[in-house]
Amino acid sequence: MFNTIIITVKTLLRRPSTWVWGAVFPVALSTMFMFMFANLSSDGKVDPVPVAVVADETWGASSFKDVATSLAKEGDDQLLEIHECEDAADANRALKAGEVAGIYTVDAAGTPKLTLLSSYDNSRASSVLTDRSILETVASSYTQNAELMSQIAQDNPAALADPEAVARALSLEGGTRRVSLTRTTPDGTVIYYYALFGLVAMMSAEFAALSVVDLQPNLSGLGARRCVGGLSKTASLAGIFVGSWLVSFASMTIAIGYVRLVVGVDFGGREGLCLVGGAASALAATGLGLFVGTLPVKGGKASKSGILTGFATTCALFAGLYGEPAMALADDVARACPAECWLNPVKLICDMFNRLYFFEDLGPFAVRAGALVLMALVFVAAATLIFGRSRYEHL
Amino acid sequence: MTDIVHVENLVKRYDDLIALDHFSLSIAPGEIFGLLGPNGSGKTTSINCILQLLAYDKGTIELFGEPMTPARYDLKRRIGVVPQQVAVFDELTVRENIDYFCSLYVNDRKRRRALVDEAIDFVGLGDFTKFRPGKLSGGLARRLNIACGIAHKPELIFFDEPTVAVDPQSRNAILEGICRLRDEGATVVYTSHYMEEVEQICSRIMIMDGGRVLAQGTNDELKRMIQMGERVTVEVGAVEPATVERLRALEHVLGVDLSGGELVCTCETSPHNLVDILDTLRAADVALGRVWSEPPTLNDVFLEITGRELRD
C-alpha cells in the first residue's frame with residue numbers, strides 16, 4: 001500500500017492538470033480577489049473632506065473653529081481638510097470649482113452654517129453625497145452638543161465643573177460602551193477568501209477521482225492490470241486515498257500560505273489551526289473524489305471530472321464566492337435551509353475558517369472540522385462499498 | 001500432476017451474444033499453451049474470466065488446484081499478466097513502472113530492486129530506465145509491458161496478444177523471451193491470432209471461434225485432425241479450365257486454386273500427389289516453373305474446421 005501512496009503522489013505531481021488546479025488556480029483567484037478587494041478597502045476608507053471656511057473675525061472667535069480644526073488634524077482619523085478663504089466670494093468660487101465639498105460659516109451667535117451646491121456631477125454622486133453627509137454630521141453634532149451644554153448650564157451648572165463628565169457628554173460615543181462580539185474586527189472581504197478555500201479544496205477532489213479511474217478495469221487497461229495484481233482492492237483504494245489527500249492538502253497549504261503571506265489576509269495568529277482546517281477540507285474533498293471516481297458512470301475521466309467541477313462550482317455559488325449577490329443568495333439559502341450549511345462542503349469549509357477567525361471559542365471551528373472528517377468517512381465508506389462489490393460485465 | 005489452470009464449462013453471455021460457450025481448458029505445469037483464434041473468438045474474454053476481471057454466468061475455474069475467486073489474492077500473487085494494450089503509467093519512468101507493478105506482489109524493497117533489475121535486463125531496457133513510456137518506440141513499450149508483468153517471477157503468465165503492432169525484430173525478441181520464461185519454470189498461456197507464432201512456441205494449442213473450442217492438441221495432433229496432408233504449389237503458364245477440372249478429379253486432391261500464375265492443390269496424405277499433378281499438367285502442355293510442397297499450417301486446420309480463413 002505504501003508504494004501505491006508514493007505512486008499516486010508521483011503520478012499526480014507529474015500531471016500538468018494537478019498544478020493548474022492545485023497551485024495556479026488558487027494563486028490566480030486569490031490574486032484576483034486581492035486586487036478586487038484592494039479597491040473595495042480604499043473606497044471604504046474616508047478621505048478628508050475638503051471644506052472652505054471664511055476666515056473672518058466671527059470664524060476666528062467661534063468655538064466651532066476649534067472643533068473643525070481638531071477634526072482637520074493630520075492622522076488616521078482626519079475628517080476635514082480646511083481651506084481658509086479671505087471672503088465669501090473666494091469660498092464660493094472654490095465650491096463651484098469643485099475644490100471643496102462645502103463652505104462653513106459661523107453666524108453672530110456662533111452657530112455653524114453649511115453651504116452646498118444645489119447640483120452636482122451625477123457620475124460622482126456616491127462620493128459627493130458621502131462628503132456632504134460628513135459635513136452635515138459635523139455641523140449638526142456641534143449644534144446638538146452646544147445645545148446640550150447650554151441646557152446643562154441651565155439645569156445643573158455644577159456638572160460643568162467636572163471636566164470628565166463634560167468630555168463624556170460631548171464625546172461621539174456618549175453614554176454607550178463599545179463591546180466586541182468577535183475576537184477580531186469584522187472584515188467583509190475575508191469570507192470570500194474562505195469561500196475560495198472551499199472551492200480550492202473541492203476542485204482538488206479531482207485528484208482522487210482521476211487516480212481511482214486508473215484502478216478500474218472497465219475504464220482503463222491500467223485499471224485491469226492493477227486489479228489482477230496481488231494487492232487487494234481495499235488496500236489499493238486506501239493507497240490512492242492517502243496519496244490524493246497529501247496532494248490535496250499541499251494544494252490547500254499553497255492557497256492558505258499565499259493568502260496569508262502574499263495577499264496579507266490576517267488569520268488572527270491562528271495559522272497553525274488554519275492548516276488543520278485545510279487538512280480537514282482536503283480530507284472531505286478527497287473522500288468526495290474517491291466516491292465520484294468509483295461511481296459507475298459512463299465516460300471515464302472526462303465525465304467524472306465534469307461532475308466534480310459542476311458540483312464544486314455550484315457549491316461555491318451557495319457559499320457566496322461569486323460576489324455580493326451570490327453572498328446574499330447564500331445567506332438567504334442558509335436562513336431558509338440551515339442544513340445546507342452542513343451539507344454544502346464549500347459552505348462548511350468557509351464557515352469553519354470564518355469561525356476560526358472571528359470566534360474566541362474554538363468549539364464551532366472544531367465542530368465544523370469534525371463534520372468535514374465525518375463527510376470524508378461517509379464518502380470513503382460508500383466508495384469502498386461500490387468499488388469492492390463491482391464485478392464487470394463488459395471490459 | 002495438478003493442472004496449473006483448470007476451467008470447466010465456462011459460459012459468458014453479453015446479452016444475446018454467447019462469448020464463451022461451455023469453454024473448458026486444462027494446462028499442465030511448464031507448458032506454453034496457445035489460444036488461437038480470430039478477433040472476437042473469445043480468447044481475451046476467457047482470460048479475463050480466469051483472472052476474475054469479468055463476471056461469468058456458469059462454470060468453474062481452478063488455478064494451482066484451488067478455486068479462483070475475485071478475493072483470492074494469494075493465487076493472484078502467483079500470476080503475471082501481460083495485457084494486449086500497453087498498460088502502464090504514462091507519468092512514471094520505465095524503472096518506476098516495473099517497480100510499482102512488482103510491488104503489487106513483492107513487499108520487500110531489497111528483493112524487489114533485484115527483481116526489477118533482472119526484469120530490465122530480461123527485456124533489454126537497460127538504456128531506457130529513466131525514460132517515460134511516451135518516449136519509447138512501440139516495440140520498447142511492449143517490452144516494458146512485458147517487464148511489468150513478469151518482474152515478480154510468476155509461476156503462471158498470461159500473454160494476451162503481446163506482439164500486435166510490433167516490428168519483426170521486437171516480435172522475435174518477445175517470443176524468445178517467452179521461451180526463456182518457460183525454461184525457467186513458468187507456465188505460459190499465450191493468445192494470438194498469428195498462427196506462425198503459436199506454431200513456433202506453443203507446446204499445445206487450442207483453436208477457438210465464436211466462444212467455442214474447435215480443436216486442441218499439439219501442433220502435429222491438430223494437423224493430423226484434418227483431411228489435408230500437403231499443399232502442392234506449381235508456377236504455371238496458361239491453364240485451360242478443363243485441365244483444372246482434371247486436377248480436381250485426381251484421387252487425393254481436395255481442392256485446386258489458380259491465381260496469379262500459381263496453381264495451389266490441397267491434397268490428402270499420399271506419396272504420389274506431386275507426380276499425379278505434374279503428369280496432368282504436362283499432358284495438357286502447360287508451361288511449368290518452380291514446384292514445391294508444404295505440410296498444412298494451423299490456418300489450414302482452422303480453414304478446414306470453420307470454412308474460413310483464420311484472419312477473416
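Quick caveat: nothing in here was measured; it's all calculated off a predicted structure.

J.: Tell me about the interface of chain B and chain A, and please be specific about residues and values.
T.: Residue-level contacts link 34 residues of chain B with 26 residues of chain A. For the pair chain B and chain A, the summed buried surface comes to about 2700 Å²; carbon and sulfur atoms form 57% of the total. For the pair chain B and chain A, the interface holds three salt bridges. Linking Arg14 of chain A and Glu96 of chain B is a salt bridge whose minimum nitrogen-to-oxygen distance equals 2.7 Å. On the surface where chain B and chain A come into contact, there are 14 residue pairs in polar contact (both at pLDDT 80 or more). Of all the secondary structure elements, the ones that give two or more residues to the side of chain B that touches chain A are β1 (5–14), α2 (73–76), β6 (79–82), α3 (94–103) and α5 (138–150) of chain B. Top contributing element to the side of chain B that touches chain A by residue count: α3 of chain B, with five residues. When grouped by side-chain class, the residues that make up the side of chain B that touches chain A number 20 nonpolar, six polar and eight charged.

J.: Outline the sheet that holds strand β3 (residues 32–36) of chain B, supporting the account with residue identities and numerical values.
T.: All names here are of chain B. If you trace the six strands from one edge of the open sheet to the other, you get β6-β7-β8-β3-β9-β10, paired in mixed fashion. Both edges of this open sheet fall to β6 and β10 (212–217), since each of them pairs with a single strand only. Averaged over neighbouring strand pairs, the angle between their axes works out to 15 degrees when direction is ignored. Summarising the sheet, strand β9 (residues 204–209) and β10 pair through five bridges and their orientation is antiparallel. Looking at β10, one finds that Met208 is bridged to Val213. Contacts from helix α11 (residues 298–306) reach β3, β9 and β10 within the one sheet, and its direction differs from that of β9 by about 40 degrees.

J.: Explain the packing of helix α11 (residues 233–263) of chain A against helix α17 (residues 363–389) of chain A to me, and be specific about the residues and the numbers.
T.: All names here are of chain A. Look at α11 against α17: their axes get within 10 Å of each other, and the N-to-C directions meet at 140 degrees. Relative to α17, the element α11 is oriented oblique. Regarding α11 and α17, the two cross each other, and that crossing is right-handed. Between α11 and α17, the residues in contact are Lys233, Thr234, Leu237 and Phe241 and Val380, Ala383, Thr384, Phe387 and Gly388, respectively. Per-class residue counts for the contact of α11 with α17 are five nonpolar, three polar and one charged.

J.: Any chance you could break down the domain arrangement of chain A for me, citing the residues and the numbers?
T.: Along its sequence, chain A is organised into domain 1 (2–40 + 189–389) and domain 2 (46–170). On a C-alpha basis, the centres of domain 1 of chain A and domain 2 of chain A stand 54 Å from each other.

J.: A description of the environment of Ser303 of chain A should follow, citing residues and the corresponding values.
T.: One can find Ser303 of chain A in helix α13 (residues 300–317). Note on Ser303 of chain A: relative accessible area 22%, which makes it partly exposed.

J.: Now, about the pattern of salt bridges: what can you tell me, with residues and values included?
T.: Under the criterion given, the structure shown has 27 salt bridges over all chains. The shortest N-O distance in the salt bridge between Asp332 of chain A and Arg335 of chain A comes to 2.9 Å. With Asp332 of chain A and Arg335 of chain A both in helix α14 (residues 324–336), this residue pair falls three residues apart, about one helical turn. The salt bridge involving Asp300 of chain B is made with Arg231 of chain B; its shortest N-O contact spans 2.3 Å. Residue Asp300 of chain B is located in helix α11, and its partner Arg231 of chain B is located in strand β11 (residues 228–236); the two are separated by 69 residues in the primary sequence.

About the cut-offs
- Residues numbered from 1 in each chain as written.
- Chains lettered and ligands numbered in written order.
- Predicted model: local features only at pLDDT ≥ 70, side-chain atom pairs only at ≥ 80, totals over all residues.
- Heavy atoms only, no water.
- Contact = heavy atoms within 4.5 Å.
- Buried area = accessible area lost by both parts, 1.4 Å probe.
- Salt bridge = Lys/Arg side-chain N within 4 Å of Asp/Glu carboxyl O.
- Polar contact = N/O pair within 3.5 Å; in protein donor to acceptor, adjacent residues only side chain to side chain.
- Helix = DSSP H or I, 4+ residues; strand = E, 2+ residues; numbered from the N terminus.
- Nonpolar A, V, L, I, M, F, W, Y, C, P; charged D, E, K, R; others polar.
- Pairing = 2+ DSSP bridges.
- Axes fitted to C-alpha atoms, helices over the stretch in contact; angles between N-to-C directions.
- Parallel < 35°, antiparallel > 145°, perpendicular 65-115°, else oblique.
- Left-handed = near helix turned anticlockwise from the far one by under 90°.
- Domains from an automatic or database assignment.
- Buried < 20%, exposed > 50% of the residue type's maximum accessible area, 1.4 Å probe, protein only.

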